[in-house]
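Here's the letter readout for the chains.
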Amino acid sequence: MKTENKHNICNEKVFSDIFTAHSKTVFNYIYYKFGNEEKAHDAVQEAFVKLWENCIKVSPEKAKSFVYTVANNLYLNVIKAEKVRLKYADKTLKSTNENPEFLLEENEFKEKLEKALQDLPENQRTTFLLNRIDGKKYKEIAEMEEVSVKAIEKRMHLALKSLREKIDGI
């Protein structure tokens, strides 16, 4: 006795399509905030669970915004509880057949970059990483962050200015 509408999130196909369309970008968004892959996966999973639990209340058009909001709120709750600091990728060297001097310079540059990124305010760091790593357009980032495109442009300008000041050669 199925009474589900084809355009209702409670329809498994609709929910699956929404998950497929948005889970990766929500993950990347939250990962850049957390700096922790496991916690980002947990937040994304929980956000989609909450979407499923509220499938009657949320229209498919609002699903993306709902998931981003829930994931971001989960992130904020974890930050309050644990005061998590962002940690970037592993520091182990992938290659040992490089020139030792080159490896030392590369490691020093990597440390400077990580430190400079950590020193950025959260909103600038998130905007910078979403744009430069994920290739998101300013408009997309503005929608995710629920701010104007001008605000994203300003964040990016300030992030680049700060990075240039702290790192030679950028």
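Data block above holds the structure.
Conventions and cut-offs
Along each chain, residues carry numbers from 1 onward, in the same order as the chain's sequence is written. At least 70 in pLDDT is required for a residue's local features to be given in this predicted model, at least 80 for side-chain atom pairs to be given and counted, and no such filter applies to totals for whole chains, interfaces and linings, which use all residues. Where side-chain values are given, they derive from all heavy atoms of the structure, hydrogens and water being excluded. Put simply, a salt bridge is a Lys or Arg side-chain nitrogen that is within 4 Å of an Asp or Glu carboxyl oxygen. Numbering of helices and strands runs from the N terminus, with a helix taken as a DSSP run of H or I at least four residues long and a strand as a DSSP run of E at least two residues long. Throughout, exposure labels follow a simple rule: accessible area from a 1.4 Å probe, protein chains only, divided by the maximum for the residue type, with under 20% read as buried, over 50% as exposed, and the rest as partly exposed. Aromatic contacts are taken between Phe, Tyr and Trp rings whose centres are within 6.5 Å, Trp giving its six-membered ring; a plane angle under 30 degrees counts as stacked, one over 60 as edge-to-face, and the others as tilted. Nonpolar core, defined: a set of buried Ala, Val, Leu, Ile, Met, Phe, Trp, Tyr and Cys residues in which side-chain atoms within 4.5 Å join the residues together. Here the bounds of each domain stem from an automatic or database domain assignment. Working rule for contacts: check all heavy atoms of both residues, and any pair within 4.5 Å makes them a contact. Patch definition: residues above 30% relative accessible area lacking any salt bridge, with like charges linked at up to 9 Å and the nonpolar side chains Val, Leu, Ile, Met, Phe, Trp and Tyr linked at up to 5 Å. Note on areas: these come from Shrake-Rupley sampling with a 1.4 Å probe, and a residue is covered only by the protein chains present in the view. Under this rule, positive means Lys or Arg and negative means Asp or Glu; His and the chain ends count for nothing. The atom standing in for a charge is NZ when the residue is Lys, CZ when it is Arg, CG when it is Asp and CD when it is Glu. By definition here, a helix of n residues has an expected span of 1.5 Å times n minus one. The reported arc concerns the directions from the helix axis to the C-beta atoms and nothing else.

A separate point is the pattern of salt bridges. Applying the stated criterion to the full structure yields six salt bridges. Among the salt bridges present, the one from Glu153 reaches Lys150, with a minimum N-O distance of 3.5 Å. Residue Glu153 and its partner Lys150 are both found in helix 7 (residues 149-166); the two are separated by three residues, about one turn of the helix. Given the relative accessible area of 63%, Lys150 is considered exposed. If you follow the salt bridges from partner to partner, you end up with Lys115, Asp119 and Lys166 in one network.

Take the packing of aromatic side chains next. A full pass over the atoms with the stated rule returns six aromatic pairs. An angle of 75° between the planes, with centres 5.0 Å apart, marks the rings of Phe15 and Trp52 as edge-to-face. Taken as a pair, Phe15 in helix 1 (residues 12-34) and Trp52 in helix 2 (residues 37-53) lie far apart in primary sequence, 37 residues in all. Taking the relative accessible area as the measure of exposure, Phe15 reaches 16% and is therefore buried. On the numbers, 5.8 Å between centres and 15° between planes, the contact of Phe27 with Tyr31 is stacked. Placement of the pair is Phe27 and Tyr31 together in helix 1, with a separation of four residues, close to one helical turn. Members of the aromatic cluster, joined through ring pairs, are Phe15, Phe19, Phe48 and Trp52.

Here we take up the nonpolar core. Ranked by internal contacts, the top residues of the largest apolar core, which has 41 residues, are Ile9, Ile18, Val26, Ile30, Phe48, Leu51 and Phe128. At the level of elements, helix 1, helix 2, helix 3 (63-82), helix 4 (100-119), helix 5 (122-132), helix 6 (138-145) and helix 7 are the ones that each hand at least two residues to this core. Ranked by the residues each element gives to this core, the list is headed by helix 1, at nine residues. Inspection of this core shows a minimum of three residues originating in each of domain 1 (2-74) and domain 2 (90-167). Those residues in contact with Phe48 that lie beyond four places of it in its chain are Phe15, Ile18, Phe19, His22, Ser23 and Val67.

Its identity is not glycine, yet Glu146 carries a phi of approximately 60°, on the positive side. Here Glu146 lies in the loop between helix 6 and helix 7.

So, on to a negative patch on the surface. A contiguous patch of negative charge, built from Glu38, Asp42, Glu46 and Glu53, is present on the exposed surface. Relative to the helices and strands, Asp42 resides in helix 2.

What follows is about helix 4. Here helix 4 is 20 residues long and its end C-alpha atoms lie 28 Å apart, about the 28 Å a rise of 1.5 Å per residue gives. Within the sequence span of helix 4, burial applies to Leu103, Glu114, Ala116 and Leu117. Each buried residue of helix 4 sits inside an arc of 165° when the element is viewed along its axis, so together they form one side. Those residues of helix 4 that are exposed and angled more than 90 degrees off the buried face are Glu101 and Leu104. Residues of helix 4 that are buried make contact with helix 5 and helix 7.

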